Structure formats: structure tokens, C-alpha cells
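# What the coordinates show
So you can see what is in the structure, the chains are spelled out below.
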There are 2 protein chains.
Amino acid sequence: MNAVNKPIIVLVRPQLGENIGKAARAMLNFGLTEMRLVNPRDGWPNPSAGPAAAGADILLDRAKVYASTADAVADCEYVYATTVRKRGVTKPVVSPDEAAHLFHTEAGRHAVLFGREAAGLETEDVALARRILTVPINPEFGSLNLAQAVILVAYEWARRLRETSGAASELVQPTAEEEWLPPAPQAELEGLIDHFETLLAPRGYFLPEARSETTRRNLRSMLTKPGWNHLEVRTMRGILTTLGRKPRDDAVKG
Amino acid sequence: MNAVNKPIIVLVRPQLGENIGKAARAMLNFGLTEMRLVNPRDGWPNPSAGPAAAGADILLDRAKVYASTADAVADCEYVYATTVRKRGVTKPVVSPDEAAHLFHTEAGRHAVLFGREAAGLETEDVALARRILTVPINPEFGSLNLAQAVILVAYEWARRLRETSGAASELVQPTAEEEWLPPAPQAELEGLIDHFETLLAPRGYFLPEARSETTRRNLRSMLTKPGWNHLEVRTMRGILTTLGRKPRDDAVKG
């Protein structure tokens, strides 16, 4: 990979404009420039954000607003959900330094989700992510604010960039480029999940209703895990289309 | 060195009590506990510090106040002067991660000096230091506040502590054992692949015959990639069984 890969910082339902500004400032200190906002509580633009950005207004001017987290990451190959503590989810957990390593070594668009102040991310936001980014903090005193969580991610990105651009990189990289493709963008993964659901629902797979949500979450989590690339997602969709058909009597067996 | 070596955070002539509280909070997030204050502008204790510390009051209660920077570091073997940019001084310059490495490897008391908001350290404070600790920030936009500079030093100290204490990397593996299962045994994977083939063949998926081998290889490769565990393989087989059924008219949709 030649170009520098910058993660996109996605603030999900942020509350105070001031904190959005501080997050922008934290980002720009270490050279991150793309911010996305999902449903900011007080609308956008927000007059309180600019002063808190302390000169990082350009990030705010360029910030795009989305109606849902899924929309905000639709074009991203790698999605990380930031939490300060581990959650009961079966996804890989990475620290900020490990995440930074991945930003620089995995070609594709990386997006890091940050939840709103205090409450953090909702379960359905976390469900979109391929990985959990956890800042390991003092178990007896965890009190990171939004801009601090953002600055640690930005700092590690810059630190790893210096490391990798300085000395010869010891990082493992796929060798033959033509044999390796990044995971499909999130929108394609969503299409695949929809396809499964569309076929499964009329066959009663999501019954009983009381278990439906858990069943859907498990399905999503299982399909998110592989990191299938564009071709693989397309192949799986072809399989689903085929499975939707009736068996043909004249087909060659085996 | 056996004991954990924690650097002492020294705030030199800090102005706002609120910023002292925020620095304490930043420290405690990563387990640093000793703060020293040199001539705080508004005296000490400062009623604005407590609320900003958000529960890290114990650090403030224990903070010692000194009349000069020299007094504050008199018992310290290693003194670092923090600056956001390099100065024209002939001292070794270290980054936060290099400093953290030194905290853990050089036995003795380490003190890190932070200057007052905006203005930073005076030349005579820097003169006391053995080393310059510089946070490498965006040369076109440097706007770290006091608590952010402190949190980066504290974060790096904790990160290096995990590294040196041999904490296994969590990279690409969830930690809690009950939440993580190894990939299913090969026999289960074979069972899954067979199941796919059994459903797909009579629907003509492996036609034309000339492409059949490649199609099977792609299918196998795609299903091998995820490393699904026992439960996930079982779930996928349940999905296949469901897809083999006809849609039910009475099924609850979506």
C-alpha cells in the first residue's frame, strides 16, 4: 500500500457541539481529517462546535451528516466500534495501537465509531462493526471523554505512521496483490445480510418472535466475521439465489 | 526492575484549577497517581479542581505543592521537560512512547514537567530536565491542551506496562475465553461444505461441468476463510436446512 490510510472518525449521535469541536481539534493535532456525524442531537452545523475546535474548523466544514450509522459506514471496508470496556460480543478486540497497525496495513477504508457522551454506542451500532476498539483503562477509574478517546486513536495512528514510514516495516503484508482483496464495503455486506433475511423470514427462521432479534444478531455477526471480499460476497449471493430455486430433476448430481 | 515505576506528573505554574482537575482525571484513567504542583496561580487547594477531576479527587488531595520547579524534582533521578515542538536545546528528545520505555526500564524516580496552559515551560524549567519529551503533532496545527498532553504520557506509560508485563496481544482475538471459541474441527467444516454441495448440485450450481471444479474450490475457500466455530457452523447448517424448505405462506414476515 502506497498511500497513507487515514481512518474516518464517526461520531454517533453526539450531544454537545462543543465536544464535536474538541474531537475535531484532537483529530487535526495528529493529522486526521475526515469526520462523519450520525444524527447529532442539536442538528448541524452547530454554532458551539467552531470555538471548541480551536482552528480545526475545516474538519467541521467538511463533516458529512448521516441519518444512520449504517449509512455513515456504507462505503467502509473496516468498521471499529469504540468501547472503554469489553462487551459480551464475539468480535476481535483491539487496542488503539493494534488498531493503528491495522489502519496502516489493511488497504481499504477504515471507520472508527464513537458513541455519544457518557452512554457510548448502542448495541446495533456495535453490531455493524467488524472489530471492537477498546482503550485499556484503569479498571477502578474509567473516565475518558469523547475528545480524549478520539485523541488516543489519532495519536496512535500518527505514531504508527512514523514507525512504518521511518524504518523498514516489519509488518506482515499480503504479497501478491492480485490474490488479495480487501473486505467488501459495508453496503455490500448489508446487501448480503438482507438477502439471507429475505429468504429466511418466509421460511419461519426468525420464529419464535421472542428470539427473533437474537437470531438476527447472530446471523449478522456470523456473516460479518469472514471479512469476505467483493467477489466472495457476490459468490455467496449467487449461492443464495440458487438455493431459492427449486431443485431440477435433470441436474447433474454431485 | 521489579516494582512498577510510575512517573510523577509535575504541573509547573498551572493557571486554571479546572485544568489541574482534568489532568488528574487523565492520569488516573491510566493508573498514574502522583501529581506535584509548582506555584499554582490561584493557590491550593483550588475549589475548581475537584469537579473537573470527575472522581480523581484522591490525586488532588495528595498533590504536594512546591515553591520552585527545582524543589519539586529534587528527589527525582530523571526529569523530562514536555514541549509540543522541539526547542533549540542540546538535550535528548524523546517521544511519549520512548519516554514510557525509559520509565519502565530505568530504575529511579521519573518526573515529567508540564508548563502552564498556552505558554508552556520557561527556559529555566527546561534547563532542569535531562531530556525533552516532545509530542509529535501536526506541524500545521498544534493545539494540545494540558490534560491532553498529560493523557498521552499516561496512556503510553500504561501501554508499555502491558507490553513489558508480557500481556499477550489481544490482536484479532476476543479475550474473554467464554466468548471465544476456536474454529470448528475440520470434520465439521467438511460437513458444512457437503451440505452446501448437496443443496446446490441439484439446482445446477456446479454447471457447466467444465467450471465445476473451480466453482467447488471457490466455495470451499470461501467457507474456510471465516474460521467459524462449532456454534457458527451449526447455525449455518440450520440456515441451509431452512433454505431447503419451501416458503410458508403463514410465516411472519421480516
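Our structure's up above, just so we're on the same page.
Position numbers for residues start from 1 in each chain and track the written sequence from start to end. Written order determines the labels here, with chains lettered from A and ligands numbered from 1. At least 70 in pLDDT is required for a residue's local features to be given in this predicted model, at least 80 for side-chain atom pairs to be given and counted, and no such filter applies to totals for whole chains, interfaces and linings, which use all residues. Values shown for side chains rest on all heavy atoms present in the structure; no hydrogens or waters enter the calculation.

### Structural notes on the pattern of salt bridges
Salt bridge, as applied in this entry: a Lys or Arg side-chain nitrogen positioned within 4 Å of an Asp or Glu carboxyl oxygen. Within this structure, the stated rule accounts for 33 salt bridges over all chains. Among the salt bridges present, the one from B:K22 reaches B:E18, with a minimum N-O distance of 3.4 Å. Here B:K22 pairs with B:E18, and both are found in helix 1 (residues 17–29), just four residues apart, close to one helical turn. For every residue, the accessible area (1.4 Å probe, protein chains only) is compared with the maximum for its type, and the residue is labelled buried under 20%, exposed over 50%, or partly exposed between those bounds. Owing to a relative accessible area of 28%, B:K22 belongs among the partly exposed residues under this scheme. On the accessibility criterion, B:E18 (38% relative accessible area) is partly exposed. Note that B:R159 and B:E163 form a salt bridge whose closest N and O atoms lie 2.8 Å from each other. Of the two residues, B:R159 and B:E163 both sit in helix 7 (residues 146–164), four residues apart, roughly one turn of that helix. With a relative accessible area of 43%, B:E163 lands in the partly exposed category. Each of A:D97, A:E156, A:R159, A:R160, A:E163, B:D97, B:E156, B:R159, B:R160 and B:E163 takes part in a single network of salt bridges with overlapping partners. Secondary structure elements follow DSSP: runs of H or I of four or more residues count as helices, runs of E of two or more count as strands, with numbering from the N terminus.

### Some details on the sheet that holds strand 3 (residues 64–66) of chain B
In a beta sheet, neighbouring strands are held together by backbone hydrogen bonds and run either parallel or antiparallel to one another. Residues and elements named next belong to chain B. Two strands pair if DSSP finds at least two bridges between them. Strands sit in the order 3-2-1-6-4-7-5 across an open sheet of seven strands; the sheet is parallel. Lying at the two open borders of the sheet, with one neighbouring strand each, are strand 3 and strand 5 (93–94). Pairing of strand 1 (residues 8–12) with strand 2 (residues 35–38) involves four bridges; the strand directions are parallel. Bridge pairing in strand 2 places V10 opposite R36. Across the sheet, helix 1 is in contact with strand 1 and strand 2; its angle to strand 2 comes to roughly 155°. Two residues form a contact once any of their heavy atoms are found within 4.5 Å. Here, axes are lines fitted to C-alpha atoms. For helices the fit covers the stretch in contact, and angles between N-to-C directions go from 0 to 180 degrees.

### Observations concerning the sheet that holds strand 1 (residues 8–12) of chain A
Residues and elements named next belong to chain A. If you walk across this open sheet you meet the seven strands as 3-2-1-6-4-7-5, and the pairing is parallel. Each edge of the open sheet is held by one strand with a lone partner, namely strand 3 (64–66) and strand 5 (93–94). In terms of strand pairing, strand 4 (residues 78–83) meets strand 7 (residues 131–134) through four bridges, oriented parallel. Bridge pairing links T82 to L133 in strand 7.

Interpretation in functional terms is not warranted from these geometric data alone.
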